[in-house]
Amino acid sequence: MKRLERLFAIVWKEWLQVFRDPSALLVAFVLPAVMLFLFGYGLSLDATDVRIGAALEDSSPLARSFYNSLDASKYFSANYYSSRSEAELALRNGEIRAVVVVPNDFSQKVGRGETGTIQILTDGGETNLSLIAENYLTAAFAKWRRAQLYETGSATKSSGVVLETKTLYNTAQISRNSLTPGSMGMILAMIGTLLTCMVVAREWERGTMEATLATSVGRFELFFGKLIPYFLLGLVAALYSALMTRYLFHVPFRGSLLAFIYASSAFLLVATSQGLLISSICRDQNLASQIALLSSFLPNYILSGVIFEIDAMPQILQIITYVFPARYYVVCLQTIFMAGDIWPLLNRQIGCIAIIGAIFFVAAIAKTPRRL
Amino acid sequence: MRKVSVMSGSIRRVWRLILKELLISFGNPKTRLVLIFPPIMQLIIFASAVTLDVKNVRTGVYNMDSGVEAAAFLKAFSTKPIFKELRYYRGHDEIKRALENREIFAAIIVPEDFSQKVLAQGETAQIQLLLDGRRANAANILGGYASAIVQTYGVDVEVAKSGGSIERIAPGVVPRRWFNPNLSAHNAFMPCLVCLLATTVGMIVSSQSIARERETGTFEQLLVSPASPVEIVLGKTISAVFLATISALMITAIVIWGFRTPLQGSFWTVLATLVLFLTSIISIGLMISALSTTQQQATLGMFLFLPPAIMLSGFATPIENMPSWLQTFTLLNPVRYEMSLMRGLFLRDMSINSIIPCVVPLIIIAFLSFSAACYMFKRRME
């Protein structure tokens with residue numbers, strides 16, 4: 001009973017401090033909103049309105065008809081160039097992303113019954129865009145060619161096998177729908193760590209830790225007393241980030257609120273205890289903030305599978321990603337938002353978060369000082 | 001005569017301040033470690049992580065057709081390196097559950113009449129591909145690969161059916177990728193990692209520096225020193241740029257010689273743009289530091305600046321995919337310019353005409369944020 005009272009006293013003290021120093025409230029309420037706003041709009045891998053150039057060295061009606069077939073797509077807009085060098089210059093200057101060259105012997109060759117050949121130039125520095133533009137142009141050319149040959153009777157209307165692709169949970173393959181819940185996970189990972197990374201170091205630096213340790217408060221009370229207020233702040237941040245994701249960015253929310261709170265609580269407990277651990281080890285605010293930044297931003301950005309596919313990474317790296325709780329939380333969020341409550345999957349992910357959390361807990365409690 | 005002595009006095013004071021800052025940084029073994037090990041470790045780890053490729057995809061198959069044609073068709077899939085393994089399932093529910101639980105990312109469903117339709121004249125066989133839309137970009141790229149495989153296979157089927165009476169529609173496309181012929185993610189992203197890590201280091205060495213002096217009480221000592229606010233900020237800027245440049249040089253060296261990333265432009269241009277870029281990042285860091293009264297606030301400022309600056313730099317997701325108001329907003333982001341400089345200098349020998357539009361904004365940003373830092377620092381002193 002005494003323990004609970006002491007725990008409550010510490011929580012109350014931290015809570016008062018939160019409300020008197022506005023920076024913690026800023027971290028919980030303003031920072032996630034600003035970041036989610038920027039990332040929600042800013043992160044997109046959907047190549048919409050990609051500008052491509054068509055250099056028609058051959059200006060025959062045949063070449064023209066191919067050019068016209070390009071113009072009809074909603075993802076690509078084609079600019080016309082009369083020479084290859086002109087189009088190449090535009091590609092070099094970044095005005096267009098790809099050039100399709102129709103050589104001057106194109107219609108001649110096609111007229112002789114040979115396969116006309118077109119050339120596609122892309123900027124290899126933009127790997128994703130290069131691939132998408134190449135695939136699109138190749139498919140467009142094949143389609144146009146088939147239509148041509150069908151008219152002359154030397155091809156069937158459609159190929160012998162057709163593929164019917166259905167993308168579950170995200171029919172239009174909108175990348176924002178997966179990136180926004182993903183960035184929400186990254187942001188909460190940062191916020192959780194940032195909220196607590198200074199709280200112990202600050203007390204050491206200002207000398208108030210001595211005062212706390214002189215009381216009868218124990219390790220557990222000190223640890224959880226510092227954790228609970230920031231955990232609750234984090235949870236509020238998670239809830240309104242979810243509201244933003246749903247209503248501002250129109251990502252469907254197909255799961256239940258219960259599943260969302262369950263996954264978010266597990267994750268935030270780990271993220272806040274990570275911050276406390278850093279804080280207890282460093283006892284120096286400057287260093288604690290540097291380590292918090294280093295350990296919570298770039299690793300979560302690059303290794304959580306939000307943007308870069310974990311499956312495509314080398315084996316060793318895939319193993320490294322297992323230690324980042326954000327990886328599991330991102331899967332939970334993407335599932336709860338887009339697919340619904342798929343409990344077997346969610347339980348597995350939350351189980352992994354809990355294991356990492358247990359390790360952090362033990363380490364952070366062990367590092368929480370009991371005496372001077 | 002007097003003017004000269006004023007000048008030299010000022011230079012001497014700035015020099016002393018630089019020495020003081022460097023002594024503090026090098027004197028603290030923890031700070032030394034933070035500047036050296038995390039960047040190298042992150043570079044090594046991230047080097048093979050940053051790829052937008054889709055590889056090793058776990059794919060499920062539900063084959064309702066026992067014919068030879070179906071097996072041949074599936075073979076066309078299993079031989080491609082993009083698919084890691086084909087797992088066989090019996091039944092729609094089973095394969096759907098596997099997809100739901102992320103045991104597989106894609107599912108190929110071969111209908112009962114596939115072989116029959118492949119062989120029959122005038123019939124078109126259908127294949128269904130289910131993709132997991134929770135990973136939208138991977139779904140998009142994988143869908144592209146799959147339709148290319150099916151396309152090629154379909155043409156073979158058609159040619160076989162007609163007994164050679166129709167011609168094979170070869171794609172007739174010659175793709176050429178400039179600057180990075182294999183679309184190597186390594187070559188495209190390593191230069192960006194230099195920029196990314198330099199940004200982090202620049203922020204770390206600068207954002208706490210003034211706030212810390214205020215909190216530990218050494219700010220008062222600066223107040224009574226003969227140095228003017230501009231001199232103090234200059235001293236802090238130069239020493240921080242020096243430290244961050246050493247760290248950035250180390251990263252660049254590892255990228256060029258350790259990872260053998262081809263560098264088309266000149267090393268000296270890379271170095272020069274890095275110094276300029278770090279100056280602008282560090283001025284922003286000092287501005288944040290001068291604005292905050294506690295280190296906690298400075299940390300907050302750092303978190304408010306750094307993640308958006310990196311995420312909106314065009315590193316992983318292109319700037320041109322953003323809404324136009326956000327594209328305009330990124331013009332204020334120094335990381336954006338350094339990102340295109342690094343890409344340009346490494347992948348293609350950027351011409352001076354394309355370097356200038358990136359360098360000028362960096363100079364303006366550095367100048368403005370340095371002035372702002374001085375102004376705020378001066379106000380704090382009064």
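What counts, and at which threshold
Throughout this description, residue numbers start from 1 for each chain and increase along the sequence as written. Here every chain gets a letter starting at A, and every ligand a number starting at 1, in the order they are written. Totals for whole chains, interfaces and linings use every residue, but because this is a predicted model, local features are given only for residues with pLDDT of at least 70 and side-chain atom pairs only at 80 or more, for both listing and counting. Only heavy atoms go into the side-chain values, all of them from the structure, while hydrogens and water stay out. Secondary structure elements are defined from DSSP: runs of H or I of at least 4 residues count as helices, runs of E of at least 2 residues count as strands, and each element is numbered from the N terminus. Here the globule rule reads 2.2 Å times residues to the power 0.38, and the radius of gyration is calculated from C-alpha atoms. Each residue is assigned to one of three classes by its accessible area relative to the maximum for its type, calculated with a 1.4 Å probe on protein chains only: buried under 20%, partly exposed between the two thresholds, exposed over 50%. Throughout, a contact is declared for two residues whenever any of their heavy atoms are within 4.5 Å. Each accessible area value is a Shrake-Rupley result obtained with a 1.4 Å probe; residue values ignore everything except the protein chains displayed when judging cover. Charge counting follows a simple rule: Lys and Arg are positive, Asp and Glu are negative, and His as well as the terminal groups are ignored. For this purpose, a charge sits on NZ of Lys, CZ of Arg, CG of Asp or CD of Glu. Buried surface area refers to the total accessible area, computed with a probe of radius 1.4 Å, that the two partners give up upon joining, counted for both partners together. Between Lys or Arg on one side and Asp or Glu on the other, a salt bridge is scored when a side-chain nitrogen of the former is within 4 Å of a carboxyl oxygen of the latter. Here a polar contact is taken to be a pair of N or O atoms separated by no more than 3.5 Å, where protein atoms must pair a possible hydrogen donor with a possible acceptor and residues adjacent in sequence count only if both atoms sit in side chains. For two strands to count as paired, DSSP must find a minimum of two bridges between them. Under this scheme, a helix contributes an axis fitted over its contacting stretch, all axes are lines through C-alpha atoms, and angles between N-to-C directions fall in the 0 to 180 degree range. Note on patches: the residues involved have over 30% relative accessible area and no salt bridge, like charges join within 9 Å, and the nonpolar side chains Val, Leu, Ile, Met, Phe, Trp and Tyr join within 5 Å. The predictor attaches a confidence to each residue, called pLDDT, with possible values from 0 through 100. Note: domain ranges come from an automatic or database domain assignment. Buried Ala, Val, Leu, Ile, Met, Phe, Trp, Tyr and Cys residues form a nonpolar core when they are joined through side-chain atoms within 4.5 Å. Each cavity reported here is a set of points on a 1 Å grid over the protein atoms alone in which a 1.4 Å probe fits but cannot get out, each pocket an open set with protein on both sides within 12 Å along at least five of seven lines, and each lining residue one with an atom within 4 Å of a point. Grid points are joined across faces, edges and corners, and a volume is the space filled by probe spheres set on the points. Following the grouping adopted for this structure description, the nonpolar residues are Ala, Val, Leu, Ile, Met, Phe, Trp, Tyr, Cys and Pro, the charged ones are Asp, Glu, Lys and Arg, and the polar ones are all others, Gly among them.

With that settled, consider the overall build of chain A. Scanning chain A from N- to C-terminus turns up 16 helices and five strands. By the compact-globule yardstick of 21 Å for 372 residues, chain A is too spread out, its C-alpha radius of gyration being 28 Å. Viewed in the frame of its principal axes, chain A has a C-alpha envelope of about 95 × 40 × 40 Å. When burial is assessed residue by residue, chain A has 62% of its 372 residues classed as buried. At a minimum sequence separation of 6, the contacts of chain A that also span at least 24 residues come to 78%. For chain A, the accessible area works out to roughly 14,500 Å², and carbon and sulfur atoms hold 62% of it. In chain A, 31 side chains carry a positive charge and 26 a negative one; their mean positions are 10 Å apart.

A word on the overall build of chain B. Helices and strands together make up the secondary structure of chain B, namely 15 helices and five strands. A compact globule built from 382 residues should have a C-alpha radius of gyration of about 21 Å, whereas chain B, at 29 Å, is more than 25% larger. Along the longest, intermediate and shortest principal axes, the C-alpha atoms of chain B span 100 × 45 × 40 Å. The buried share of chain B, reckoned over its 382 residues, is 55%. Put simply, of all contacts in chain B between residues at least 6 apart along the chain, 78% involve residues at least 24 apart. Accessible surface for chain B amounts to roughly 16,300 Å². Of this, 63% is attributable to carbon and sulfur atoms. Charge centroids of chain B, computed over 35 positive and 24 negative side chains, lie 14 Å from each other.

This paragraph deals with the interface of chain B and chain A. Between chain B and chain A, the residue contacts involve 107 residues of the former and 109 residues of the latter. Three residues stand out in chain B for area buried against chain A, namely Arg134, Trp178 and Phe303 of chain B, and they jointly supply 8% of the buried area on that side. At the junction of chain B with chain A, the criterion picks out seven salt bridges. The partner of Asp311 of chain A in a salt bridge is Arg135 of chain B, and the shortest N-O contact between them spans 3.2 Å. Our enumeration of links across chain B and chain A arrives at 27 residue pairs in polar contact (both at pLDDT 80 or more). The element contributing the most residues to the side of chain B that touches chain A is helix 6 (residues 136–162) of chain B, with 16 residues.

Here we come to the sheet that holds strand 4 (residues 125–132) of chain B. In sheet architecture, strand pairing relies on hydrogen bonds along the backbone and comes in two forms, parallel and antiparallel. Taken in spatial order, the five strands line up as 5(A)-4(B)-3(B)-1(B)-2(B) in an open sheet, and their pairing is mixed. Edge positions in the open sheet fall to strand 5 (161–168) of chain A together with strand 2 (83–88) of chain B, since each of these has one partner strand only. The mean inter-strand angle of the sheet, taken between neighbouring strand axes irrespective of direction, is 25°. In the sheet, strand 5 of chain A pairs with strand 4 of chain B via eight bridges, with the strands oriented parallel. Across the sheet, the residue bridging to Val161 of chain A is Ala125 of chain B, located in strand 4 of chain B. The strands that helix 4 (residues 92–100) of chain B touches are strand 5 of chain A together with strand 1 (57–63), strand 3 (106–110) and strand 4 of chain B; relative to strand 3 of chain B, the one it contacts most, it runs at about 165°.

This part covers a nonpolar patch on the surface. Among the surface-exposed residues, Leu26, Phe29, Val30, Val34 and Val236 of chain A together with Leu304 of chain B lie close enough to one another that they form a single nonpolar patch of about 430 Å² accessible area. The leading source of residues in the nonpolar patch is helix 2 (residues 22–42) of chain A, at four residues. Of note, Val34 of chain A is situated in helix 2. Taking the relative accessible area as the measure of exposure, Val34 of chain A reaches 33% and is therefore partly exposed.

The subject of this paragraph is the confidence of the model for chain A. Of all residues in chain A, 95% attain a pLDDT of 70 or more, and the chain-wide mean is 86. Here helix 5 (residues 106–111) of chain A stands out as the element of chain A with the lowest mean pLDDT, 79, in contrast to helix 15 (residues 325–339) of chain A, whose mean of 95 is the highest.

Here we come to the pairing of strand 4 of chain B. All names here are of chain B. Along strand 4, six of the eight residues are buried, which leaves the element largely enclosed by surrounding structure. Pairing analysis gives four bridges linking strand 3 to strand 4, with the strands arranged antiparallel. Counted as the bridge partner of Ile109 is Gln128 from strand 4.

By the assigned domains, chain A splits into domain 1 (2–44 + 174–367) and domain 2 (50–151). Each of domain 1 of chain A and domain 2 of chain A has a C-alpha centre, and the two are 49 Å apart.

This part takes up the nonpolar core. Ranked by internal contacts, the top residues of the largest apolar core, which has 191 residues, are Tyr301, Ile302, Ile307 and Phe308 of chain A together with Phe315 of chain B. With 31 residues, the next largest nonpolar core counts Leu74, Phe105, Leu142 and Tyr153 of chain B among its residues.

The final tally for this structure, using the stated rule, is five cavities of 30 Å³ or more. Put simply, the largest cavity is a space of about 140 Å³. Taken together, 18 residues form the lining of the largest cavity, with Glu126 and Asn128 of chain A together with Leu52, Ala316 and Pro318 of chain B sitting closest to its centre. Of all the elements in the fold, those that place two or more residues in the lining of the largest cavity are helix 6 (127–151) of chain A together with helix 7 (185–206) of chain B. Counted by class, the lining of the largest cavity contains ten nonpolar, six polar and two charged residues. One number sums up the size of the second largest cavity: a volume of about 80 Å³. Considered class by class, the residues forming the lining of the second largest cavity number six nonpolar, five polar and two charged.

Moving on, we get to the layout of surface pockets. Put simply, the second largest pocket is a space of about 1,000 Å³. Lining of the second largest pocket is provided by 32 residues; of these, Asn93 and Gly94 of chain A together with Ser340, Arg348 and Met350 of chain B occupy positions nearest its centre. Breaking the lining of the second largest pocket down by element, the ones donating at least two residues are helix 4 (84–92) of chain A together with helix 14 (334–347) and helix 15 (352–381) of chain B. When its residues are assigned to classes, the lining of the second largest pocket shows eleven nonpolar, eleven polar and ten charged.

Glancing now at the sheet that holds strand 1 (residues 50–56) of chain A. With respect to topology, five strands assemble into an open sheet ordered 2(A)-1(A)-3(A)-4(A)-5(B), the strand pairing being mixed. Looking along the sheet, the strands with just one partner apiece sit at the ends: strand 2 (76–81) of chain A together with strand 5 (173–178) of chain B. The average angle at which neighbouring strand axes cross in this sheet is 25°, direction not considered. The pairing of strand 1 of chain A with strand 3 (residues 98–102) of chain A spans five bridges and is parallel. Opposite Ala54 of chain A, over in strand 3 of chain A, you have Val100 of chain A as the bridge partner. Strands strand 1, strand 2, strand 3 and strand 4 (118–123) of chain A together with strand 5 of chain B of the sheet are contacted by helix 6 of chain A, whose axis makes an angle of about 165° with strand 4 of chain A.

So, on to unusual backbone geometry. All names here are of chain A. Even without being glycine, Tyr169 reaches a positive phi, approximately 65°. Along the chain, the position of Tyr169 falls in the loop between strand 5 and helix 7 (175–196). You will see that Gln173, though not glycine, has its phi angle at about 50°, which is positive. With respect to the helices, strands and loops of the structure, Gln173 is situated in the loop between strand 5 and helix 7.

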